[in-house]
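Residue-level listing of the chains:
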Amino acid sequence: MAALGWLPPRRRSATARSVLAGEASAEAARKTALTEAPPLTEPGTEPSARIEEGPEAPPEEPAFPVAGDDLAAAFFDLDNTVMQGAAIFHFGRGLYKREFFRRRELARFAWQQAWFRLAGVEDPEHMQDARDSALSIVKGHKVSELTSIGEEIYDEYMAERIWPGTRALAQAHLDAGQKVWLVTAAPVETATIIARRLGLTGALGTVAESVDGVYTGRLVGEPLHGPAKAEAVRALAAAEGLDLERCAAYSDSHNDIPMLSLVGHPYAINPDTKLRKHARTNDWRLRDYRTGRKAVKVGVPAAAGVGAIAGGAAAAIALHRRRK
């Protein structure tokens, strides 16, 4: 894929594959984004219309998000931030139920997830193995087929796992007239389905190559994980004419520190230990919906294990059509 003409010159601190993954994801997101104001949430998932800070919040802080600020947008990580658990895991359950792969392959994926969670690091060899094994499952399948299945899987496994608190934060940005994007290592088609069901603007996700509507088993760049997420947000902000200093980003994982560091309003949601520590050091805000604690202006570190494997496997079942 050639460099995108609408991007300004930049310092390329990320790898070339991260940049390619981010730019491809931004291009895909803009093509599938809602062109009209998104609808309210589905029945049974209506959030509060405003962000409740709780008694611990500093009363002197100005209202946020700022209504009518069209140079601002919000970027939400998906796994354990918007939704309980990993989207790719739920998607895998749905594919297994539909006999896309055998029990032996399911056991292999389970081992790979366990290894990432226990090791807490992203060994390139294991990551590559996870991607290759998952990509082999969708190779030769039609994009339309897996997109249709993704709609069913959302209803079966994901709809009831949305965090109401995080959904309320997203709605507050929408009510302020801002665009709201999911940013995830999950397949971009899967992420787009979730965003649309929640009434969000669109989604940035891992992009898989397809030719004539059929998956080739290759990725465009790499999984949208870590630095690649930051590249996707940067590319989308450039294309949309956004001021990142006025934007907000939300995540549970320290792997997303590059993305959180891009914006003027970073939030740690249900954070892991490393993100909690980093956020405290940098005076970022925290919201933890796992325990009912209210928002506090404090730092937080991001989630390690699950986020890492989600990135690796997510790359695998990525569902995006690449232009020839």
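Caption draft 1: A look at helix α6 (residues 164-175). Given a rise of 1.5 Å per residue, 12 residues ought to cover 16 Å, and the 16 Å separating the end C-alpha atoms of α6 matches this to within 8%. Inspection of α6 places Gly165, Thr166, Arg167, Ala168, Leu169, Ala170, Gln171, Ala172, His173 and Leu174 among the buried residues, and these make up the whole buried set. Structurally, α6 contributes buried residues whose contacts are with β1 (73-77), β2 (179-187), β6 (248-251), β7 (265-269) and β8 (285-288). Of the residues flanking the end of α6, it is Gly177, one or two places downstream, whose phi is positive at about 85°.

Caption draft 2: Region of the structure containing the packing of aromatic side chains. On inspection of all chains with the given rule, the structure shows three aromatic pairs. Where Tyr250 meets Tyr267, the ring centres are 4.6 Å apart and the plane angle is 20°; that geometry is what we call stacked. Of this pair, Tyr250 sits in strand β6 while Tyr267 sits in strand β7, and the two are 17 residues apart along the sequence. As far as burial versus exposure is concerned, Tyr250 and Tyr267 are alike and both buried.

Caption draft 3: Quick peek at the side chain of Asp256. In this structure, Asp256 sits in the loop between β6 and α9 (257-260). For Asp256, a relative accessible area of 2% corresponds to the buried category. At 3.1 Å, the side chain of Asp256 and the side chain of Lys229 are in polar contact.

Caption draft 4: The arrangement of the side chain of His90 in detail. Locating His90 in the fold gives a position in helix α2 (residues 87-97). Exposure remark for His90: the relative accessible area of 3% places this residue in the buried category. If sequence neighbours within four positions are ignored, His90 has contacts with Met83, Gln84, Gly85, Ile153, Tyr157, Met158 and Arg161.

Caption draft 5: Spatial organisation of unusual backbone geometry. Positioned with a positive phi, Asn80 is a non-glycine residue whose angle comes to about 65°. The residue Asn80 is located in the loop between β1 and α2 in this model. Here the phi dihedral of Asn270 falls at roughly 50°; this positive angle occurs in a residue that is not glycine. Tracing the backbone through its elements, the reader meets Asn270 in the loop between β7 and α10 (273-282). The exposure class of Asn270 is buried, given its relative accessible area of 3%.

Caption draft 6: Highlighting the nonpolar core. Core analysis: the biggest nonpolar cluster contains 43 residues, and Phe76, Met158, Leu182, Ile194, Leu200 and Tyr250 have the highest contact counts within it. Once you skip the residues sitting within four places of it in the chain, Phe76 turns out to touch Val82, Thr166, Leu169, Ala170, His173, Val180, Trp181, Leu182, Val183 and Tyr250. Membership of the second largest hydrophobic core comes to 28 residues, among which are Val183, Val233, Cys247 and Ala268.

Caption draft 7: Spotlight on the packing of helix α5 (residues 143-158) against helix α7 (residues 188-197). Axis separation between α5 and α7 bottoms out at 9 Å; the angle between their running directions is 50°. Between α5 and α7, the angle falls in the class oblique. The element α5 and its partner α7 pack so that their crossing is right-handed. Residue-level contacts link Val143, Thr147, Gly150, Glu151, Tyr154, Asp155 and Met158 of α5 to Glu189, Thr190, Ile193, Ile194, Arg196 and Arg197 of α7.

Caption draft 8: Representation of the environment of Leu20. Topologically, Leu20 is positioned in helix α1 (residues 16-32). Classification of Leu20 by relative accessible area gives partly exposed; the value is 26%. Expressed as a C-alpha distance, the spacing of Leu20 and Gly221, which sit 201 residues apart in the sequence, is 5.1 Å.

Caption draft 9: Fine view of the packing of α2 against α5. Contact geometry of α2 with α5 gives a least axis separation of 9 Å together with a crossing angle of 110°. By the angle between their directions, the pair α2 and α5 is classed as roughly perpendicular. Taking contact as the criterion, the partners of Ala87, His90, Phe91, Arg93, Gly94, Leu95 and Lys97 in α2 are, on α5, Leu146, Ile149, Gly150, Ile153, Glu156, Tyr157 and Met158. Partitioned by chemical class, the residues of the contact of α2 with α5 number eight nonpolar, three polar and three charged.

How each quantity is defined
- Residues numbered from 1 in each chain as written.
- Predicted model: local features only at pLDDT ≥ 70, side-chain atom pairs only at ≥ 80, totals over all residues.
- Heavy atoms only, no water.
- Helix = DSSP H or I, 4+ residues; strand = E, 2+ residues; numbered from the N terminus.
- Expected span 1.5 Å × (residues − 1).
- Buried < 20%, exposed > 50% of the residue type's maximum accessible area, 1.4 Å probe, protein only.
- Contact = heavy atoms within 4.5 Å.
- Phe/Tyr/Trp six-rings, centres within 6.5 Å; stacked < 30°, edge-to-face > 60°.
- Polar contact = N/O pair within 3.5 Å; in protein donor to acceptor, adjacent residues only side chain to side chain.
- Core = buried A, V, L, I, M, F, W, Y, C linked by side-chain atoms within 4.5 Å.
- Axes fitted to C-alpha atoms, helices over the stretch in contact; angles between N-to-C directions.
- Parallel < 35°, antiparallel > 145°, perpendicular 65-115°, else oblique.
- Left-handed = near helix turned anticlockwise from the far one by under 90°.
- Nonpolar A, V, L, I, M, F, W, Y, C, P; charged D, E, K, R; others polar.

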